Amino acid sequence: MIVRIVKMTFQPEKVKDFLENFDTNKTKIRRFEGCEHLELLKEEDREDVYFTYSYWQNVEALENYRHSQLFKGVWKFTKTLFADKPQAWSVQSIDKQ
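Residues numbered from 1 in each chain as written. Predicted model: local features only at pLDDT ≥ 70, side-chain atom pairs only at ≥ 80, totals over all residues. Heavy atoms only, no water.

Caption draft 1: Representation of the overall build of the protein. Along the backbone of the protein there are 3 helices and 4 strands. Reading the helices (α) and strands (β) of the protein from amino to carboxyl end gives β-α-β-β-α-α-β. Expressed as lengths along the three principal axes of its C-alpha atoms, the size of the protein is roughly 35 × 30 × 20 Å. Of the roughly 6,600 Å² that the protein leaves accessible, carbon and sulfur atoms contribute 47%. (Helix = DSSP H or I, 4+ residues; strand = E, 2+ residues; numbered from the N terminus. Areas by Shrake-Rupley, 256 points an atom, 1.4 Å probe, with all protein chains shown as cover.)

Caption draft 2: Here's a closer look at the nonpolar core. Within the largest apolar cluster, 20 residues are counted, with the highest numbers of intra-cluster contacts made by Met8, Phe10, Phe18, Trp56 and Tyr65. Where this core is concerned, the elements lending two or more residues are strand E1 (2-9), helix H1 (15-30), strand E2 (35-42), strand E3 (49-56), helix H2 (59-66) and helix H3 (69-78). Non-local contacts of Met8, meaning those with residues more than four positions away in its chain, are made with Phe18, Asp48, Val49, Tyr50, Thr52, Trp75, Thr78, Phe82 and Pro86. (Core = buried A, V, L, I, M, F, W, Y, C linked by side-chain atoms within 4.5 Å. Buried < 20%, exposed > 50% of the residue type's maximum accessible area, 1.4 Å probe, protein only. Contact = heavy atoms within 4.5 Å.)

Caption draft 3: Geometry of the sheet that holds E3. Pairing is antiparallel in the open sheet, where 4 strands are placed in the order E2-E3-E1-E4. With one partner strand each, in any of the chains shown, E2 and strand E4 (87-91) form the two edges of the open sheet. Strand after strand, the sheet turns through a mean of 15° between neighbouring axes, direction not considered. Examined bridge by bridge, E1 and E3 share 8 bridges and lie antiparallel to one another. Bridge pairing in E3 links Lys7 to Phe51. (Pairing = 2+ DSSP bridges. Axes fitted to C-alpha atoms, helices over the stretch in contact; angles between N-to-C directions.)

Caption draft 4: Looking closely at H3. For H3, every residue scored as buried is listed here: Leu70, Phe71, Val74 and Thr78. An end-on view of H3 places all buried positions within 90° of arc, on one side of the element. Exposed residues lying more than 90 degrees from the buried face of H3 are Gln69 and Lys76. Tucked into the core, H3 has its buried residues touching E1, H1 and H2. (Arc of directions from axis to C-beta.)

Caption draft 5: Examining the side chain of Thr78 more closely. Counting through the fold element by element, Thr78 comes out in helix H3. Looking at Thr78, its side chain comes within polar contact range of the main-chain oxygen of Val74, at 2.8 Å. Ignoring any residue separated from it by four or fewer positions in sequence, one finds Thr78 in contact with Met8, Phe10, Phe18 and Asn21. (Polar contact = N/O pair within 3.5 Å; in protein donor to acceptor, adjacent residues only side chain to side chain.)

Okay, here's the thing in structure tokens:
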């Protein structure tokens, strides 16, 4: 299982656009082969910083998604909204209840 965490800082006036686009695409991403979980998180004290937190069956499933037309379309739009460079981590859970 691969956990993918992506931190995104948006232009404040573009947050609504991001949230609308996420809402439009979240079901498609959740149904993408190999995706086990997807959630959107917001930094507690900031209205412009969001994280996606997703579980993928394996590295291949994550890479298949990252090379898909779905991802390319979502990411092409999303990156136009950034105020800062996004950060991403792929990690493995080593102790989970």
